[in-house]
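The residues making up each chain are set out below.
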Amino acid sequence: MTRWEYKTVSFEDCVTFLGGFNSDKFNQKLNLLGREGWELVLTNSKPGFTHSSKFIAVFKRAL
């Protein structure tokens, strides 16, 4: 049976002042986490829809 560990990451620095989104910065961070074995599982919402800088993502990887 596969066992998992989870990691929650805030991407507040990828959301711009006016609710835009820096996809290049976001992709760089995703690629770094991917190289460490983390797989994106869930995000709280699409950035900009809530006009909030609280953009959270949940990752998992096998133990």
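Note: the structure precedes this text.
Here the structure is a predicted model, which means the values were calculated and not measured.

Asks: For this particular structure, what's the right way to read the packing of aromatic side chains?
Replies: For any pair of aromatic rings, the description consists of the separation of the ring centres together with the inter-plane angle of the planes. On inspection of all chains with the given rule, the structure shows two aromatic pairs. Arranged with centres 5.0 Å apart and planes meeting at 75 degrees, the rings of Phe-11 and Phe-26 form a pair that is edge-to-face. Here Phe-11 is found in the loop between strand 1 (4-10) and helix 1 (23-35), whereas its partner Phe-26 is found in helix 1, with 15 residues between them in sequence. Between Phe-11 and Phe-59, the ring centres sit 6.3 Å apart and the planes meet at 50 degrees, which makes this aromatic pair tilted. Placement of the pair is Phe-11 in the loop between strand 1 and helix 1 and Phe-59 in strand 3 (residues 56-62), with a sequence separation of 48 residues. Judged on exposure class, the residue Phe-11 and its partner Phe-59 are both buried. The side chain of Lys-60 reaches across the aromatic face of Trp-4, ending 3.9 Å from its centre.

What counts and what doesn't
Numbering of residues begins from 1 in every chain and follows the order in which that chain's sequence is written. Only residues with pLDDT of 70 or above have their local features reported here, since the model is predicted, and side-chain atom pairs are shown and tallied only from 80 upward, although totals for entire chains, interfaces and linings are computed over all residues. Calculation of side-chain values draws on the structure's entire complement of heavy atoms; hydrogens and water are dropped beforehand. Only Phe, Tyr and Trp rings take part, Trp by its six-membered ring, and two of them pair if their centres are within 6.5 Å. Stacked means planes under 30 degrees apart, edge-to-face means over 60, and tilted covers everything else. In DSSP terms, a helix is any run of H or I states spanning at least four residues, a strand is any run of E spanning at least two, and both are numbered starting from the N terminus. A simple rule labels every residue: compare its accessible area, found with a 1.4 Å probe on the protein chains alone, to the largest value its type can have, and call it buried under 20%, exposed over 50%, or partly exposed in between. Criterion for a charge above a ring: Lys NZ or Arg CZ within 6 Å of the ring centre, and within 35 degrees of the ring normal.

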